[in-house]
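Working through the structure, step by step
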Amino acid sequence: MKIYTKTGDKGDTGLIDGSRTLKSDLRIKAYGEVDEVNSHIGFIVSNIKGNSIFDDLEKILFDIQRDLFVLGAELANPKNTKDDNMLVKKEMITNIERYIDQLESELAPISYFILPGGTVESSLLHICRTVVRRAERTTVALSREQKINKDILMYLNRLSDLLFVLARVTNNRQNCNDIPWKLK
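Note that the structure is a prediction, hence the values are computed from the model and not measured. (Residues numbered from 1 in each chain as written. Predicted model: local features only at pLDDT ≥ 70, side-chain atom pairs only at ≥ 80, totals over all residues. Heavy atoms only, no water.)

Examining the nonpolar core
Condition: Throughout, nonpolar core names a set of buried Ala, Val, Leu, Ile, Met, Phe, Trp, Tyr and Cys residues whose side chains join them through atoms within 4.5 Å. Burial classification: accessible surface area is computed with a 1.4 Å probe over protein chains only, and a residue below 20% of its type maximum counts as buried, one above 50% as exposed, and the rest as partly exposed. In this text, helices come from DSSP runs of H or I with a minimum length of four residues, and strands from runs of E with a minimum of two, each type numbered from the N-terminal end. Whether two residues are in contact is decided by their heavy atoms, any of which lying within 4.5 Å being enough.
In terms of nonpolar packing, the biggest core is built from 42 residues, with Leu61, Ile64, Tyr155, Leu159 and Leu162 touching the most fellow members. With eleven residues, the top contributor of residues to this core is helix H5 (residues 150–173). Ile64 has contacts with Ile41, Ile96, Tyr155, Leu159 and Leu162, leaving out every residue within four places of it along the chain.

Quick look at the structure:
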């Protein structure tokens, strides 16, 4: 099978249900942005692999990558609107919340805004967080036009929280302070 099909050469693409739509459609943008997050996470995993202080984070990020693939597949299927067919489940959200609770236990509480940065790993996680927020905004717009699984929106919202916590954890584990935001 060839990687190129030429079927999208005029700006449209196929969806899982066999229908075709423009590549600029909100549905395509939403799952494309989810795919972008997944790629960024893959890059982060490549950067932390082999560093024992990040072994647990590597597993968490791999779990998130699998979830994002499922989430993208659900977004790519406009016919998947029945509750019993939904691929993104509440348990996926609960898992993220569990990760957040576990990881926050090693962090000091903050009462100020922080700037993205510190270590390379933290900076990369902040990039992921902002791409998730973009994917969330696009998915919200899609949900105003078409029926989608509402758990997708909850998952993306919670995922950005997890990525924020992961960014702080990677700084903390490398003895790098978060960068507080201050007015000049």
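Points about the pattern of salt bridges
Let me state the cut-off plainly: Any carboxyl oxygen of Asp or Glu within 4 Å of a side-chain nitrogen of Lys or Arg constitutes a salt bridge here.
Using the criterion set out here, one finds twelve salt bridges in the structure. Of the charged contacts, one joins Lys59 and Asp63 as a salt bridge, the two residues approaching to 2.7 Å between their closest N and O atoms. Highlighted residues: Lys59 and Asp63, both in helix H2 (residues 55–75), separated by four residues, approximately one helical turn. Taking the relative accessible area as the measure of exposure, Asp63 reaches 10% and is therefore buried. In this structure, Arg173 and Glu106 form a salt bridge, with 2.9 Å as the shortest nitrogen-oxygen distance. Of this pair, Arg173 sits in helix H5 while Glu106 sits in the loop between helix H3 (90–104) and strand S3 (114–115), and the two are 67 residues apart along the sequence. Classification of Glu106 as partly exposed rests on a relative accessible area of 32%. One continuous salt-bridge network, built from bridges that share partners, spans Glu33, Glu36 and Arg134.

Notes on the packing of aromatic side chains
Under the convention used in this document: In this analysis, rings of Phe, Tyr and Trp, with Trp reduced to its six-membered ring, are considered paired at centre separations within 6.5 Å, and the interplanar angle assigns stacked below 30 degrees, edge-to-face beyond 60, and tilted for intermediate values.
Taken as a whole and assessed by the stated rule, the structure comprises one aromatic pair. Judged by centre distance (6.2 Å) and plane angle (75°), the ring pair of Phe113 and Trp181 falls under edge-to-face. Residue Phe113 is located in the loop between H3 and S3, and its partner Trp181 is located in the segment after strand S4 (179–180); the two are separated by 68 residues in the primary sequence. A relative accessible area of 63% places Phe113 in the exposed class.

Observations concerning the environment of Lys29
Inspection of the secondary structure assignment puts Lys29 in helix H1 (residues 26–48). The class for Lys29 is partly exposed, based on a relative accessible area of 41%.

A look at the side chain of Arg173
Short version of the rule: Pairing of N or O atoms within 3.5 Å defines a polar contact, subject to two protein rules: one partner must be a possible hydrogen donor and the other a possible acceptor, and residues neighboring in sequence count only if both atoms are side-chain atoms.
Of the polar contacts made by the side chain of Arg173, one reaches the backbone oxygen of Ile53; its length is 2.6 Å. Of the polar contacts made by the side chain of Arg173, one reaches the side chain of Glu106; its length is 2.9 Å. Every residue in contact with Arg173, bar those within four places of it in the chain, is listed here: Ile53, Phe54, Asp56, Leu57, Leu103 and Glu106.

Considerations on the environment of Leu153
One can find Leu153 in helix H5. Between the alpha carbons of Leu153 and Ser143 there is a distance of 8.9 Å; along the sequence they are ten residues apart. With near-sequence residues (within four places) excluded, Leu153 lies in contact with Glu136, Thr139, Val140, Ser143 and Ile148.

Here we look at the packing of H2 against H5
The test is simple: A fitted line through C-alpha atoms represents every axis, and for helices the fit uses only the stretch in contact; the resulting angles, taken between N-to-C directions, go from 0 to 180 degrees. Comment on the angle field: the value is read as roughly parallel under 35 degrees, roughly antiparallel over 145, roughly perpendicular from 65 to 115, and oblique elsewhere. Two helices crossing with the near one rotated counterclockwise from the far one by less than a right angle form a left-handed crossing, whereas a clockwise rotation gives a right-handed crossing. Residue type decides the class: Asp, Glu, Lys and Arg count as charged, Ala, Val, Leu, Ile, Met, Phe, Trp, Tyr, Cys and Pro as nonpolar, and the leftover types, Gly among them, as polar.
Orientation of H2 relative to H5, taken along the N-to-C sense of each, is 160°, at an axis distance of 12 Å. As far as their axial angle goes, H5 and H2 are roughly antiparallel. When you trace H2 past H5, the crossing you get is left-handed. Contacts from Asp56, Leu57, Ile60, Leu61, Ile64, Asp67, Leu68, Leu71, Glu74 and Leu75 of H2 reach H5 at Ile152, Tyr155, Leu156, Leu159, Leu162, Leu163, Leu166, Val169, Thr170 and Arg173. For the contact of H2 with H5, the residue count by class is 15 nonpolar, one polar and four charged.

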